[in-house]
Amino acid sequence: MQVRVEGIVIRSMDYGEGNKIVTLLTNTHGKAGVIIRGAKKIKSRHGSLSQLFTHGEYLFFRNSGLGTLTHGEIIESHHILREQLDLTAYSSYAAELVDRALQEEDASAFIYEQLKACLNAFAEGKDLLVTIQLFEMKILQAAGYGPEFGECVSCGNTVGAMALSAHAGGVLCSRCTYKDAQAFPLSESALKLLRLYQRMDLRRLGNIQVKDETKQQLKGAMRLLMDAHIGIPLKSRSFLDQMDRYSI
Ligand SMILES: [Zn+2]
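What you see is a predicted model; the values in this text were computed from it and never measured.

## Notes on the overall build of the protein chain
For the protein chain, the count of helices and strands is seven helices and eight strands. Relative to the 2.2 N^0.38 estimate, which gives 18 Å for 248 residues, the radius of gyration of the protein chain is 20 Å and therefore close to what a compact globule would have. Residues counted as buried form 37% of the 248 residues belonging to the protein chain. The long-range fraction of contacts in the protein chain, counting pairs at least 24 apart against all pairs at least 6 apart in sequence, stands at 55%.

Here's what the structure looks like:
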């Protein structure tokens, strides 16, 4: 069967002599594995289609399992994402989240649009942390772990200070915080942003100004949520942590 998709390369690995196997996140077919024959040859017309983060149109034959590329056109090569260390680190994390943390049935057209917008935002120089946090929120929601930030998950209270309880799946008010010893206190501005992340589509991300202090808090909050619900050790995540530690 011939399949034509728009896709983004979320994984690329060598296969046999000169070939590559890529995993695409597509607009219509979820995640798809495709063999690109001769991709590693210098003169290959298809070489650039096999590079990580490439956004393109892919035409391939598939009966079951892996497809074989017959034709492709690059829409956006995103070479800057492969050339600048910090951009590579963040883009790799976004791609690995889709590759490893999302079930096949959760890799929807919406997530495709969110990943596309996420990579575009990185390439356009938008705030890396805000962008990746927003993307993490979309992944949590797609995987069925969208947290509740509107009211206390225990008693429904909507006023006063709130703390995040990853295991309770949302915020706890000051009366209920005792129920989770690991509850993470949120400032008003951090909570506001988390609520924004929850309802915002990445395609509408502008240039948000967020104070460093709030960003650090959001980082703690998102980490708790990701560890509690996704919990897969990702290589790209450890690399981001290392970059942080040594301020590369
Ligand atoms: Zn409460």
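## Examining the sheet that holds strand β4 (residues 55–61)
Pairing is mixed around the closed barrel formed by five strands, whose spatial order is β1-β2-β3-β5-β4. For this sheet the average axis-to-axis angle between neighbouring strands, irrespective of direction, equals 50°. Pairing analysis gives two bridges linking strand β3 (residues 31–36) to strand β5 (residues 67–76), with the strands arranged parallel. The partner of Ile-35 across the bridge, within β5, is Thr-68. Helix α2 (residues 85–101) rests against β1 (2–15) and β2 (19–26) of the sheet, and its axis sits at about 105° to β1.

## Here's the deal with the sheet that holds strand β7 (residues 170–173)
The antiparallel open sheet is built from three strands, whose spatial order is β7-β6-β8. One side of each edge strand has no neighbouring strand; the edge strands of this open sheet are β7 and β8 (184–186). Taking the axes of each pair of neighbouring strands and ignoring which way they run, one obtains an average angle of 40° across the sheet. Note: strand β6 (residues 162–165) against β7, four bridges, orientation antiparallel. Bridge pairing links Leu-164 to Val-171 in β7. Each of β6 and β8 touches helix α6 (residues 212–229); the most contacted strand, β8, lies at about 135° to it.

## Some words on the packing of α2 against helix α4 (residues 128–142)
Where α2 contacts α4, the two axes come as close as 11 Å, and the packing angle between them is 0°. Compared by their axis directions, α2 and α4 come out roughly parallel. Where α2 abuts α4, its residues Asp-86, Tyr-90, Tyr-93, Ala-94, Leu-97 and Ala-101 lie against Leu-128, Ile-132, Phe-135 and Ile-139. Along the lines of polarity and charge, the residues of the contact of α2 with α4 split into nine nonpolar, no polar and one charged.

## What about α2?
For α2, with 17 residues, the first-to-last C-alpha span of 23 Å sits near the 24 Å given by 1.5 Å per residue. Of the residues making up α2, those classed as buried are Ala-89, Tyr-90, Ser-91, Ser-92, Ala-94, Ala-95, Leu-97 and Val-98. Against β1, β2, α1 (79–83), α3 (109–123), α4 and α7 (235–246) lie the buried residues of α2.

## Here's the deal with the UniProt feature "domain: DNA replication/recombination mediator RecO N-terminal" (unreviewed entry) in the protein chain
Per the UniProt record, "domain: DNA replication/recombination mediator RecO N-terminal" (unreviewed entry) is annotated on residues 1–77. As a span, residues 1–77 carries 0% helix and 58% strand, and end to end its C-alpha atoms are 27 Å apart.

## Examining α6
The first and last C-alpha atoms of α6 sit 26 Å apart over 18 residues, in line with the 26 Å expected at 1.5 Å per residue. Those residues of α6 not exposed but buried are Gln-217, Leu-218, Ala-221, Met-222, Leu-225 and Met-226. Along α6, the residues classed as buried sweep out an arc of 165° about the axis, all on the same side. Turned more than 90 degrees away from the buried face of α6 sit Asp-212, Glu-213 and Asp-227, all of them exposed. For α6, the secondary structure elements touched by its buried residues are α4, β6, β8 and α5 (188–199). Looking at the residues trailing α6, positive phi occurs at Gly-231, about 60°.

Scoring rules and cut-offs
Residues numbered from 1 in each chain as written. Predicted model: local features only at pLDDT ≥ 70, side-chain atom pairs only at ≥ 80, totals over all residues. Helix = DSSP H or I, 4+ residues; strand = E, 2+ residues; numbered from the N terminus. Rg over C-alpha atoms; globule rule 2.2 N^0.38 Å. Buried ≥ 20, exposed ≤ 12 C-beta atoms within 10 Å, placed from the backbone. Contact = placed C-beta atoms within 7 Å. Pairing = 2+ DSSP bridges. Axes fitted to C-alpha atoms, helices over the stretch in contact; angles between N-to-C directions. Parallel < 35°, antiparallel > 145°, perpendicular 65-115°, else oblique. Nonpolar A, V, L, I, M, F, W, Y, C, P; charged D, E, K, R; others polar. Expected span 1.5 Å × (residues − 1). UniProt positions renumbered as here; feature names shortened; annotations may be inferred. Arc of directions from axis to C-beta.

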